[in-house]
Every structure is written in C-alpha cells, then in structure tokens.
Amino acid sequence: MRKKLKFLVIFNVNAAGGRKLKLVNDVIGLIKKDHEIELFKTKSEKEAKIVFKELSKRQFDRLIIAGGDGSMYFAINEMINNNIDNKLTAYIPVGTANLLQIETQIEKKSQAIYKVITSDKYKKINITKINEKYFFLMAGIGFDSKIIESIDINFKKYLGKFIFAYKGFQHFLFLQNNKMNIEMYGEKIKADWVLCTNAKYYAGSYSITNDTNIFENKTVVYIFKDLTRIKLLYYIWLIFTKGDLSSAKSVIKKDLDILKINGINKKILSHVDGENFGYQDKLVISKTKKFINLLVP
C-alpha cells in the first residue's frame, strides 16, 4: 500500500482562472482521496511571504506550487529564505507562458500531474543568483526586460501570450538600446542586451540553446554587443531553424561563473524568470551550489 503523504499546496489565485482553476481543483480532489492536503490561497506577495514563513514551522512531505513561472520564482526565493529548499517540490502549471512546464514536459492534465506529484522521481533544478535573489530559468537585461516592464498585469491575465507578442513587436519597431558595461572572466565588454539562461527554452517552446536546461549545472550567457532590427530578425531565424543562438557571430557566448553589469549614465532594467526585476545600479549574476528537488514525469 502506498504511503500516505502530507501535501501543502500554495496557490497563486491571480495566476489562474476558468479552465486553469479547474485543473488545480481536479488535482486537489485526486490528492484528497488517498493523502492529506492543506491548501493556502494567496492573492499578494505579502500574503505568500507569511505563508512561507509559517511553513518553516510545519511538518509535511511535499510542497506544491500552483501558479506560473513567476510563482515558482517567488516560491524558490522564499523556500531558500525560510530554509525549506530541501523539500520535494511539485508544480501545477497555471500561468501564462509556463516555461517550467515546457522544460519538464509535465502534461497539463490532472491525472498526469497527480501521477508526478505522488511519485518518488525528482531532479535537481539549477539555481542561479542575481544580486540577493535567485532564479531558475533566466535573467534578461536590455531588450526583453523592456518588454516585460511595459506589460500591464491585468492585460497579461486576459490576453495571455498575445500580449508578449504585441509588446515584443512594438519594441522591435521602436528599438532603443542602452549600453551597459559587462565584466566577465576579466574581460570588459560594452553591450546592448544580455541573456543569462539556465533554461533551454525561451518565450514559449522555442529553443535558444543546445548546451543547457534547468537540470544541468550550467548557465549560458549570451551577450549582444550591437543590437539592431536586422540582427534581431536573424536571431529569430536561428531560433526557428537551429534552436540555438551560438552560431551568430555577433553574439558572445560564455558559460557563467560571475557576471558583473553596470549601466552607462543610467540604471539597468532587468527581468528575472519573466518578472520585472526593476532598475538597479549594478547587477552581479553568479553560479551557486543551491538547487530545488522538483518532482518530474
């Protein structure tokens, strides 16, 4: 007989609606049949922080995050801050892009998700540090961070992935670059855009590298020195045809150790795991030995 497990579920109610809400409820219903479960619904980061602080005092077997990539980004940081990052963690994908779902190939079906979260199969997710925060997918500084910043949360909820395409095209048409100083392995470079990725996929199911994924202990850095519309079109073509940006001669590719970024005459705008990271005087991105144990198919 299978061991009875205790699950704690943290559900970002702002990340889901309609069909996605049904998916969460269906999974919870399946868990209740054979296991113990406690559900925490959160509507704000303030509420979620209180919940995670409380979890550090509780006994449980597995933690389930129901939300999008941003919900998982927030959860990972709170798990680390509250010393519960050693717990087996599961994921119900109910966000907009759900890159984590694409990376792991978790099906968006209640029975399939239930099978994963009640199994003993897990992998370590690579965690990278940016200033005092941690990310598991990627950090973007430049072109894509401007797109993220310009998206209204309410429009994102109702328009879904379309809002990313619309804003991306808008920023492509009115491309404005802000140079930044990059320092890596003792080399100093001026660049327009930096993409630092643990993930294989980007902006949906589009592969941008063949050298890593979230389960590899490797983070790839793409440095775009002189970004133009023509070059952006070429990068898109490489993604569609090769699934990898490495062959672009105008892109500098390096494996991450420590990356330092300073703005020139202004602060640096960045995003982390699809969430606006705001304007910073400087960024330090580095490898860590931290990881999250994620239940996988």
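Bear in mind the structure is a predicted one, so any value in this text is a computation, not a measurement. (Residues numbered from 1 in each chain as written. Predicted model: local features only at pLDDT ≥ 70, side-chain atom pairs only at ≥ 80, totals over all residues. Heavy atoms only, no water.)

Engineer: Could you clarify how one ought to interpret the packing of helix α6 (residues 143-150) against helix α8 (residues 162-173) in this entry?
Structural biologist: When two helices pack together, their arrangement is given by the angle between the helix axes and the distance between those axes. Contact geometry for α6 and α8: axes closest at 9 Å, N-to-C directions at 125°. By the criterion of interaxial angle, the relationship of α6 to α8 is oblique. The two elements α6 and α8 cross, and the hand of that crossing is right-handed. Listed contacts from α8 to F143, K146, I147, I148 and S150 of α6 are F164, K167, G168, H171 and F172. (Axes fitted to C-alpha atoms, helices over the stretch in contact; angles between N-to-C directions. Helix = DSSP H or I, 4+ residues; strand = E, 2+ residues; numbered from the N terminus. Parallel < 35°, antiparallel > 145°, perpendicular 65-115°, else oblique. Left-handed = near helix turned anticlockwise from the far one by under 90°. Contact = heavy atoms within 4.5 Å.)

Engineer: So what exactly am I meant to see when it comes to a nonpolar patch on the surface here?
Structural biologist: Among the surface-exposed residues, Y206, I230, L233, I236 and F240 lie close enough to one another that they form a single nonpolar patch of about 530 Å² accessible area. The element that contributes the greatest number of residues to the nonpolar patch is helix α9 (residues 229-241), accounting for four residues. (Patch = residues over 30% accessible without salt bridge, like charges linked within 9 Å, V, L, I, M, F, W, Y side chains within 5 Å. Areas by Shrake-Rupley, 256 points an atom, 1.4 Å probe, with all protein chains shown as cover. Salt bridge = Lys/Arg side-chain N within 4 Å of Asp/Glu carboxyl O.)

Engineer: Can you walk me through helix α2 (residues 45-55) in this structure?
Structural biologist: Each α-helix winds once per 3.6 residues, and so residues spaced three or four apart point in a common direction. Here α2 has its buried residues at A48, V51, F52 and L55. The arc that holds every buried residue of α2, seen down its axis, measures 95°, which confines them to one face. Exposed residues lying more than 90 degrees from the buried face of α2 are K46, I50 and K53. Close packing links the buried residues of α2 with β1 (6-12), β2 (36-42), β3 (62-67) and α3 (69-81). (Buried < 20%, exposed > 50% of the residue type's maximum accessible area, 1.4 Å probe, protein only. Arc of directions from axis to C-beta.)

Engineer: Where do I start with the sheet that holds strand β7 (residues 138-141) in this structure?
Structural biologist: In a beta sheet, neighbouring strands are held together by backbone hydrogen bonds and run either parallel or antiparallel to one another. As summarised here, the arrangement of the six strands in space is β14-β13-β10-β7-β16-β17, forming an open sheet in which the pairing is antiparallel. A strand with exactly one partner marks an edge of an open sheet, and here the two such strands are β14 (251-255) and β17 (275-280). Across the sheet, the axes of successive neighbouring strands diverge by a mean angle of 15°, strand direction being ignored. Where β7 meets strand β16 (residues 268-272), three bridges bridge the pair, whose relative direction is antiparallel. In the sheet register, A139 faces β16, and the bridge partner there is V272. (Pairing = 2+ DSSP bridges.)

Engineer: How should the packing of aromatic side chains be read in this particular structure?
Structural biologist: Two measures describe an aromatic ring pair: the distance that separates the ring centres and the angle between the ring planes. Tallying each qualifying case throughout the model produces eight aromatic pairs. Note on F143 and W193: the rings are 5.5 Å apart at their centroids and 65° apart in plane angle, and the pair reads as edge-to-face. In this pair, F143 sits in helix α6 while W193 sits in strand β10 (residues 193-197), placing the two residues 50 residues apart along the sequence. Here the aromatic residues F143, W193, F224, Y234, Y235 and W237 are joined through ring pairs into a cluster of three or more. (Phe/Tyr/Trp six-rings, centres within 6.5 Å; stacked < 30°, edge-to-face > 60°.)

Engineer: Is there a simple way to think about the pairing of β7 in this case?
Structural biologist: Working note: regular strand, side chains alternate between the two faces of the sheet. Of the two faces of β7, the one holding M138 and G140 and the one holding A139 and I141 are both buried throughout. Alignment of β7 against β10, held across four bridges, turns out to be antiparallel. When the bridges of β10 are listed, A139 appears paired with C196.

Engineer: Teacher, can you tell me more about the environment of T228 here?
Structural biologist: Mapping T228 onto the fold places it in the loop between β13 (220-224) and α9. In this structure, the C-alpha to C-alpha distance between T228 and Q176, residues 52 residues apart in sequence, is 9.2 Å. Side-chain polar atoms of T228 contact the backbone nitrogen of K231, separated by 3.1 Å. (Polar contact = N/O pair within 3.5 Å; in protein donor to acceptor, adjacent residues only side chain to side chain.)

Engineer: Whenever I open this one, the nonpolar core confuses me. Can you help?
Structural biologist: If you look at soluble globular proteins, the nonpolar side chains tend to sit buried side by side. Counting 99 residues, the largest nonpolar core has F52, L55, I261 and I285 as the members making the most contacts within it. The greatest single-element share of this core, amounting to seven residues, is contributed by α3. Beyond its immediate sequence surroundings of up to four residues, I261 is in contact with I141, M180, N181, I182, V194, I268, K282, L283 and I285. (Core = buried A, V, L, I, M, F, W, Y, C linked by side-chain atoms within 4.5 Å.)

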